Amino acid sequence: MLKYGSAGFGSLAFAALSSIWSQAEAAPALKPDLRKGPLAAKPPHFAARAKRVIFLFMHGGPSGIDTFDPKPRLDRENGGDLPFEHPVGIIDPNGKLLKSPWEFKQHGQAGIPVSSLFPEVARHVDQLCILRSMHTEGQAHGQAVLKLHTGDAAFVRPSLGAWVQYGLGSANENLPGFVTICPTMDHGGVQLFGNAFLPAVYQGTALGQAANPVAKAKFQHIQHPTLGPDLQRRQLDFLQKINRDYQRQDATESQLEGIIESYELAFRMQKHAPKLLDLSSESQATLDLYGVGVQPTDEYGRQCLLARRFAQAGVRFIQVTHHSFPWDQHSNLKGGHEKNARAVDRPIAGLLKDLKTHGLLDDTLVVWGGEFGRTPTAEGKDGRDHNPHGYTMWLAGAGVKPGFIYGATDEYGYYAVENKVHMHDLHATILHMLGLDHEKLTYRYAGRDFRLTDVYGNVVKDILA
């Protein structure tokens, strides 16, 4: 239709939009089978430990030295001066050492110390693989959040979830392969689940956003404002017929089949997505497990329960964001971190238990953490500044070593000093656990082969069981 109307200019524009499909020069195992659609499931490079990822994003930067990385020397020298220079960019270079206001106790068979901020998660510490030596680039939220989600602190790059969907496709033809629940619009916005130069079909599908309650969240654009299912089906069949007629004339235009897939997916989601979002089928015991229906856990509890339901339905990558940077305690560290922890502790513990009950934890990788940590020195009277030089994240499930601590920061918790894990290393490891070689998962754009880890990154094999 576009070719024969308006002197062909419409078809030129459409050809430019669709030509991105022919630009992919991935390994043969990763090339999409366009007869099945670009989201068709694809084989990994090698046997995978994980089938899916749930990323519990603590936006703002929780403090490692107040949660999973106790520092006795910091406690002893509370109020003293830091015995070495602060890094460049710190807000209060004269801040005194500030001990943690929370008590650490050993938990589980492994005897791993966890602060009193997370009493519920502490009960599952034997399932956690705690990375105490994370470090990244970006003293500011915008830089560090982009680094965490896309592998780059400055340029527009595909998100981690988009790379996963590009590499593996979707395991459920009726749902997106990448869902982000109540994503933040701060510090990167749609870039945090975007596709950048990857084909648009691989971008994340947002369910609501952080500013609105998840109980009212819906997928956008899956309900036609006027046409019913029968007429929509006829409309899509007509579009498909036009595309196939055009394909018979020009075999190089087979990528049109992939473009129409987004419409097909939205059509199928009309039937399947509302059922998935309806929590009324869950037992009261399950709702209680996540803290649904009570405060302050209802919001994040609903998000975590939805994450389990998405995982059970075959979604590859699920991101669960805790609001818009609530963990950013430049002041009132004790009040702020306690409020945040009360909201997420029970839901996260409930998710770990529920995944295990449903037999999903064995092949689901759970990732917890923020874009950076906090300084061991005070900002003002009772806050902590950003610290990208040494902080804590943890993993669970899918073949990571359970009840295991990897790496260390210095005696004050400022710098990663032992078995350092850079953000590129974490990304390489996540892809590895999904059966993807981070050096081979590439996409040709602007004359070069891009990958999530750029030219860096090493798989942290010591944390694999």
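Residues numbered from 1 in each chain as written. Predicted model: local features only at pLDDT ≥ 70, side-chain atom pairs only at ≥ 80, totals over all residues. Heavy atoms only, no water.

### Observations concerning the overall build of the protein
Helix and strand content of the protein: 11 helices and 17 strands. Counting the 465 residues in the protein, one finds 55% classified as buried. Residue pairs at least 24 apart in sequence account for 78% of intrachain contacts in the protein once pairs closer than 6 positions are excluded. When the accessible surface of the protein is totalled, it reaches about 19,800 Å², and 52% of it is carbon and sulfur. (Helix = DSSP H or I, 4+ residues; strand = E, 2+ residues; numbered from the N terminus. Buried < 20%, exposed > 50% of the residue type's maximum accessible area, 1.4 Å probe, protein only. Contact = heavy atoms within 4.5 Å. Areas by Shrake-Rupley, 256 points an atom, 1.4 Å probe, with all protein chains shown as cover.)

### So, the nonpolar core
Among the nonpolar cores identified, the biggest contains 105 residues, and L56, F118, I181, F310, L365 and W394 are the most heavily contacted of them. For this core, the element with the highest residue contribution is helix α10 (residues 333-357), accounting for eight residues. When near neighbours in sequence (up to four residues on either side) are disregarded, F118 contacts T67, F68, W327, A341, V344, D345 and W368. Core analysis: the second largest hydrophobic core is formed by seven residues, I65, L82, L97 and Y414 among them. (Core = buried A, V, L, I, M, F, W, Y, C linked by side-chain atoms within 4.5 Å.)

### Overview of the pairing of strand β10 (residues 383-387)
Strand residues, when the strand is regular, have side chains that alternate between the two faces of the sheet. Summarising burial for β10: five of the five residues are buried, a large majority. Pairing analysis gives four bridges linking strand β9 (residues 373-379) to β10, with the strands arranged antiparallel. Within the sheet, the bridge partner assigned to A378 lies in β10 and is R384. In this structure, the hairpin formed by β9 and β10 is closed by a connection of three residues, where G380 is found at a positive phi of approximately 70°. (Pairing = 2+ DSSP bridges.)

### Section: the environment of V190
Within the secondary structure, V190 sits in the loop between β5 (178-181) and β6 (205-207). Put simply, V190 and A206 are 16 residues apart on the chain and 9.1 Å apart in space, counted from C-alpha to C-alpha.

### Thoughts on the side chain of Q319
Considering the arrangement of structural elements, one finds Q319 in strand β7 (residues 317-321). A distance of 3.1 Å separates the side chain of Q319 from the side chain of H149, its partner in a polar contact. With near-sequence residues (within four places) excluded, Q319 lies in contact with F55, F57, H149, V179, T180 and I181. (Polar contact = N/O pair within 3.5 Å; in protein donor to acceptor, adjacent residues only side chain to side chain.)

### Focus: the confidence of the model for the protein
This prediction gives the protein a mean pLDDT of 88; 87% of its residues lie at or above 70. Here residues 19-30 is modelled with pLDDT under 50, and outside its nearest four sequence neighbours on either side it reaches 32 contacts, counting other chains as well. (pLDDT = per-residue confidence, 0-100.)

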